[in-house]
Amino acid sequence: MSDPEVNTRPAARVVCVAGDGRVLLLHWRDPVTGRTLWEPPGGGIDPGETPLEAARRELTEETGLPGTAVLDRWLAVPREFDWLGVHYVKTERFYLARFDHTPEIVPEAFTVEENETYLGHGWFSPGEMATLPGALEPPTLPEVVSRLG
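Residues numbered from 1 in each chain as written. Predicted model: local features only at pLDDT ≥ 70, side-chain atom pairs only at ≥ 80, totals over all residues. Heavy atoms only, no water.

## Some remarks on the environment of threonine 68
- Along the chain, the position of threonine 68 falls in the loop between helix 1 (51-63) and strand 6 (70-83).
- Take threonine 68: its relative accessible area is 69%, and that puts it in the exposed class.
- The spacing of threonine 68 and glutamate 53 is 15 residues in sequence and 9.7 Å in space, taken between C-alpha atoms. (Helix = DSSP H or I, 4+ residues; strand = E, 2+ residues; numbered from the N terminus. Buried < 20%, exposed > 50% of the residue type's maximum accessible area, 1.4 Å probe, protein only.)

## Some words on the side chain of glutamate 39
- Structurally, the position occupied by glutamate 39 is in strand 4 (residues 36-39).
- A polar contact of 3.2 Å, which involves the side chain of glutamate 39, links it to the side chain of arginine 79.
- In this view, glutamate 39 contacts Arg13, Leu25, Leu26, Trp28, Arg79 and Glu137; residues no more than four positions away in its chain are not counted. (Polar contact = N/O pair within 3.5 Å; in protein donor to acceptor, adjacent residues only side chain to side chain. Contact = heavy atoms within 4.5 Å.)

## Some points on the pairing of strand 2 (residues 11-17)
- Counting buried residues along strand 2, seven of its seven residues qualify, which places the element largely inside the surrounding structure.
- Along strand 2, one buried face is formed by Ala11, Arg13, Val15 and Val17 and the opposite face, lined by Ala12, Val14 and Cys16, is buried too.
- Pairing of strand 2 with strand 5 (residues 42-44) involves three bridges; the strand directions are antiparallel. Across the sheet, the residue bridging to alanine 11 is glycine 44, located in strand 5.
- Bridging between strand 2 and strand 7 (residues 86-98) involves six bridges; their strand directions are parallel. Looking at strand 7, one finds that valine 17 is bridged to arginine 98. (Pairing = 2+ DSSP bridges.)

## Description of the pattern of salt bridges
- In this structure the tally under the stated criterion is 13 salt bridges.
- Residue arginine 13 pairs with glutamate 39 through a salt bridge whose shortest N-O separation is 3.5 Å. Pair noted here: arginine 13 is in strand 2 and glutamate 39 is in strand 4, with a separation of 26 residues, a long-range link.
- Taking relative accessible area as the criterion, glutamate 39 reaches 10% and is therefore assigned buried.
- In this structure, aspartate 20 engages arginine 22 in a salt bridge whose closest nitrogen and oxygen atoms are separated by 2.6 Å.
- Given a relative accessible area of 26%, arginine 22 falls into the partly exposed group. (Salt bridge = Lys/Arg side-chain N within 4 Å of Asp/Glu carboxyl O.)

## As for the layout of surface pockets
- There is about 530 Å³ of room inside the largest pocket.
- As for the largest pocket, its lining consists of 25 residues, of which Arg13, Gly43, Gly44, Glu113 and Glu114 are closest to the centre.
- If you list the elements that add at least two residues to the lining of the largest pocket, you get strand 2, strand 4, strand 5, helix 1, strand 6, strand 7 and helix 2 (112-117).
- Tallying contributions element by element places helix 1 first for the lining of the largest pocket, with four residues.
- Its residues placed into classes, the lining of the largest pocket shows seven nonpolar, six polar and 12 charged. (1 Å grid on protein atoms, 1.4 Å probe; cavity = no way out; pocket = protein on both sides within 12 Å on 5 of 7 lines; lining within 4 Å. Points joined across faces, edges and corners; volume = space filled by probe spheres on them. Nonpolar A, V, L, I, M, F, W, Y, C, P; charged D, E, K, R; others polar.)

## Comments concerning unusual backbone geometry
- Look at the link from glutamate 137 to proline 138: it is a cis peptide, with omega at -10 degrees.
- Take proline 138: it is sitting in the loop between strand 9 (135-136) and helix 4 (141-148).
- The phi dihedral of leucine 84 is positive, around 55 degrees, even though this residue is not glycine.
- As for its placement among the helices and strands, leucine 84 is situated in the loop between strand 6 and strand 7.

## Re helix 4
- For helix 4, the complete set of buried residues consists of Leu141, Val144, Val145 and Leu148. Around the axis of helix 4, the buried residues are gathered within 100 degrees of arc, so they sit on the same side. Exposed and oriented more than 90 degrees from the buried face of helix 4 are Ser146 and Arg147.
- Buried residues along helix 4 sit in contact with strand 2, strand 3 (23-29), strand 6, strand 7, helix 3 (126-129) and strand 9.
- Immediately beyond the C-terminal end of helix 4, within one or two residues, lies glycine 149, with a positive phi of roughly 55 degrees. (Arc of directions from axis to C-beta.)

Pasting the structure below:
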């Protein structure tokens, strides 16, 4: 069996923190492996787009939340994971967005792939992240949340 393709496409993610300190995670299922994972909203950076612009666009597309909530505050987070038969090795910018409440999440512009793999979402404390069914991506997310503050 050959090694999976390696993808290094730049991406940006958004750590959304509600007023009570819980963090928004989206739940996905990889139809290739059956593996489920939880991760902050985000995705690939389009040509000509800055990482901050991509983070703001992805937040609105995947959650319905306003992209203007994304602050120009970020951490570079190394990532290595498999998704849909592709091996990803890259560093992504994780931006911060704070809310004084727990906003409603209504995905506005999922791709076909996202519609087929999305299982839902939830707001979780860093402690709850450790007990989620399925993988937490990245596994260091509680530390990322703490460092973004």
